[in-house]
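Report on the structure
As a plain string of letters, each chain reads:
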Amino acid sequence: MRTTNWILTAALLVSVSAAAQQAADAQASAQPATPDTTETAQPRQQAATRPEQQSTPAASQPAATSEQQPGTQAIATPPTVPAPTTMDQVVNLFIEREHGLIKALANRTPVVETYLQNLAADAQLGPVPSEDHYFLGRLDMGETVDRRDYLKEEQKSMQSRLLGGFQKLYKVQYQPMGFSWMVYADRTDFDREHYDFRYVRREFLGDVRCLVFDVTPKPKSGRGRFLGRLWVEDQGYNIVRLNGTYYPAPRNSYFFHMDSWRLNLIPGYWVPAFIYSEEGDFSAGVKNKLAFKAQTRIWGYDLKKGGKDDELTNIRVDSVQDTSATAQDASPLQAERVWQQQAEDNVVERLTAAGLLAPEGDVDRILQTVVNNLEVTNNIDLPRPVRTRVLLTSPLETFSVGNTIVISRGLVDVLPDEASLAAVLSHELAHIVLGHNLGSKYAFNDRMLFSDDVTYQNLGFKHIPEEEVAADKKAVEFLKNSPYAQKLDNVGLFLKALQQRAPALSALLTTHLGNPLAEGGQVGRLSALATQGPALDNNKLDQIAALPLGGRVKINPWDDKAEMVKTAPVAITSARDKMPFEVTPFFPRLSRYGANAVPAAAPTTAANGTPNQGSN
Ligand SMILES: [Zn+2]
């Protein structure tokens, strides 16, 4: 197990790293904090000299960051600290731990996704999405936190490096970078020189008891300082949540408000995982109608850096597995199938390496149960079993490569029930049954050699319109023979809800690898079922046509494993509670590393895994 390695490495590195860290600190303070950005609202100030490592008990504790070879993924566990006796000591401890975290993650390049919905007021439903934006990239957590995007069209705004929250020029322009600031309170100057800390109270976040502090920048400590509240767990004194904004902002730009959560995914460290942002005020008389809400998710901390050198180690020369039972040569048909399997394996492996696909896990078992229900009742007997995998991203998307059906986390989230899940999976199953095999060109390994941030330019699984129509037709046949035949009204309702919101959610409906469910604001997928069922009625509180994002699948940001969220049903009391396809604040249930070593019984049947209604 990797955990054991960490512990062993930790023991060896603790003594070395104390000295190494002091040296690194001295270096960091000599560095200008804002290299190439001008006129921007960057929450960091020109380099103020870092105070010397004081002789507090906290400062003498090394953060035990390992000096790592590129590619080795171990992080040394910090040593346990003596229990502090005063709040002053607590402050010293969490400042020290924050610097330890910044160092520990300095060579990580996790995936960062921001999905943002602009809001407009609706008399019945309250603030509803009016348009949306999507950003996906890799976060370089080194000297300056930097963000490299996967999406071509966003590159321009990335290059301009306007790091301000968002800039009010001719139109509001969101800067993806801004949404990832609150991974740390202050990258360079998180110390007593620049901030006042005031203890507020104790409070539980999930299973974790925390000490709560209000943080204010000292007068004249510079622009773009953290202003808000933080929660510190009371065993290792790590910050587990930050809530607030940056202050003061330069002219013509804003810092938006953020709520940033960390998870204890490796021993001794709480790593940034979720950031919720929201602005706007819909009360009467407010002039500034700019309003949005956005979710930022970070995952893939354990991914290898996507550099060119790494790519070369990814060539698969040994991936051909002769699946024939005997020692005979492959027949032409067998050769074709092995070839397709090779392409499928290459793509699945490449997408996983790019941090876009979850490793095989619990959610797949649920998806496979549903696929199996469709196969058995339709007497589908394929030469190779159909597999399923979860795409880690939010946009609503399915595609298939070889016999693997891929469905996005966002789509699993918003589907209201198992029948609707069966409907979207049946379309891909139909492609497989009809032999609409795409992507056999990916059996050539050279086609897997690209850097992670151009994955979407190098892979694609879009079918021609004729194949789409044929797959929809076949899918409806499958559904009508299946255990879901009596529940297709729900599928119709889901498609109606999707149609209602589609014009405002073009980013959520923009697919990057497969065919879209809707194009130009018009839902095309499974249109034969779209008229099925009752009319969509927002006022009917028992009619749940689609769910908010984030209610079903949760991702472990360290190893990218996906599992089903376990939420207790919450009663819906008004039409505004439904929030179909919408983003909501995060409230993860915090627990300590290893506390849930035995996962609560993973759902093994589809029926258990897809509750009737998820709520946050
Ligand atoms: Zn299709």
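Residues numbered from 1 in each chain as written. Predicted model: local features only at pLDDT ≥ 70, side-chain atom pairs only at ≥ 80, totals over all residues. Heavy atoms only, no water.

Here's the deal with the nonpolar core
In terms of nonpolar packing, the biggest core is built from 84 residues, with Leu-396, Ile-407, Leu-411, Leu-459, Phe-494 and Phe-581 touching the most fellow members. Counting residues in hydrophobic clusters, the runner-up holds 62 residues, among them Val-112, Met-141, Leu-265 and Phe-292. (Core = buried A, V, L, I, M, F, W, Y, C linked by side-chain atoms within 4.5 Å. Buried < 20%, exposed > 50% of the residue type's maximum accessible area, 1.4 Å probe, protein only.)

Quick notes on the coordination of the zinc ion
Octahedral metal centres with six donors ideally show angles of 90 or 180 degrees, and tetrahedral centres with four donors ideally show 109.5 degrees. Within the protein, the atoms that donate to the zinc ion are His-427 (NE2), His-431 (NE2) and Glu-468 (OE), at distances of 2.0 to 2.1 Å. Along the chain, the residues donating to the zinc ion are arranged with the sequence spacing H-x3-H-x36-E. On the criterion of helical spacing, the pair formed by His-427 and His-431 is a turn pair, its members being 4 residues apart in helix 8 (residues 418-433). Judged by its relative accessible area of 0%, His-427 is buried. (Donors = N, O, S within 2.8 Å, 3.2 Å for Na, K, Ca; no water. Helix = DSSP H or I, 4+ residues; strand = E, 2+ residues; numbered from the N terminus.)

Here we look at the pattern of salt bridges
Going through the model one piece at a time under the given rule, you end up with 28 salt bridges. With a closest N to O distance of 3.1 Å, Glu-113 and Arg-409 form a salt bridge. Of the two residues, Glu-113 sits in strand 1 (residues 111-122) while Arg-409 sits in helix 7 (residues 409-414), which places them 296 residues apart along the sequence. An identical accessibility class is assigned to Glu-113 and Arg-409; each is buried. Of the charged contacts, one joins Arg-592 and Glu-233 as a salt bridge, the two residues approaching to 2.8 Å between their closest N and O atoms. Placement of Arg-592 in the loop between strand 20 (562-564) and helix 12 (606-609) and of Glu-233 in strand 8 (residues 225-233) is noted, with a sequence separation of 359 residues between them. With a relative accessible area of 1%, Glu-233 lands in the buried category. Overlapping salt bridges, with partners in common, bring together Arg-209, Glu-233, Asp-234 and Arg-592 in one network. (Salt bridge = Lys/Arg side-chain N within 4 Å of Asp/Glu carboxyl O.)

Brief notes about helix 10 (residues 465-481)
The periodicity of an α-helix, 3.6 residues per turn, causes residues three or four positions apart to be oriented the same way. Its 17 residues place the ends of helix 10 25 Å apart at the C-alpha level, agreeing with the 24 Å of an ideal helix rising 1.5 Å per residue. Within helix 10, the full set of buried residues consists of Glu-468, Ala-471, Asp-472, Ala-475, Val-476, Phe-478 and Leu-479. Projected down its long axis, helix 10 shows its buried positions confined to an angular sector of 160 degrees, all on one face. Along helix 10, the residues that are exposed and aim more than 90 degrees away from the buried face are Glu-466, Val-469, Lys-473 and Lys-480. On the buried face of helix 10, the contacting elements are helix 6 (362-377), helix 8 and helix 11 (488-501). (Expected span 1.5 Å × (residues − 1). Arc of directions from axis to C-beta. Contact = heavy atoms within 4.5 Å.)

Focus: the pairing of strand 9 (residues 239-247)
In terms of residue burial, strand 9 counts as a mostly covered element, since 7 of its 9 residues are buried. Pairing of strand 8 with strand 9 involves 8 bridges; the strand directions are antiparallel. Bridge pairing links Arg-225 to Tyr-247 in strand 9. The loop that links strand 8 with its antiparallel partner strand 9 comprises 5 residues; one of these, Tyr-237, has a positive phi angle of about 60 degrees. (Pairing = 2+ DSSP bridges.)

Observations concerning the confidence of the model for the chain
Taken over all residues, the pLDDT of the chain has a mean of 78, while the share at 70 or more is 74%. Low confidence marks residues 153-172, where pLDDT is under 50. Its contacts with residues over four positions away, or in another chain, come to 53 contacts. Low pLDDT, under 50, characterises residues 306-319; the predicted model gives this stretch 20 contacts beyond four residues in sequence or across chains. (pLDDT = per-residue confidence, 0-100.)

Comments concerning the side chain of Asn-445
With respect to the element layout, Asn-445 can be found in the loop between helix 8 and helix 9 (455-458). At 3.0 Å, the side chain of Asn-445 and the side chain of Asn-346 are in polar contact. (Polar contact = N/O pair within 3.5 Å; in protein donor to acceptor, adjacent residues only side chain to side chain.)

Brief notes about the packing of helix 6 against helix 8
Packed helix pairs are characterised by how far apart their axes lie and by the angle those axes make with each other. The geometry of helix 6 relative to helix 8 is characterised by a closest axis approach of 9 Å and an angle of 70 degrees between their N-to-C directions. Here helix 6 is positioned roughly perpendicular relative to helix 8, judged by the angle of their axes. Once helix 6 is placed against helix 8, the crossing between them reads as right-handed. Contact residues: helix 6 offers Leu-367, Val-370, Val-371, Asn-373, Leu-374 and Glu-375, while helix 8 offers Glu-418, Leu-421, Ala-422, Leu-425, Ser-426 and Leu-429. Its residues assigned to classes, the contact of helix 6 with helix 8 comprises 8 nonpolar, 2 polar and 2 charged. (Axes fitted to C-alpha atoms, helices over the stretch in contact; angles between N-to-C directions. Parallel < 35°, antiparallel > 145°, perpendicular 65-115°, else oblique. Left-handed = near helix turned anticlockwise from the far one by under 90°. Nonpolar A, V, L, I, M, F, W, Y, C, P; charged D, E, K, R; others polar.)

As for unusual backbone geometry
Between Tyr-247 and Pro-248 the backbone carries a cis peptide bond, its omega angle lying at -15 degrees. If you trace the backbone, Pro-248 turns up in the loop between strand 9 and strand 10 (253-254). The backbone phi angle of Phe-581 is positive, close to 65 degrees, even though this residue is not glycine. With respect to the helices and strands, the residue Phe-581 is situated in the loop between strand 20 and helix 12.

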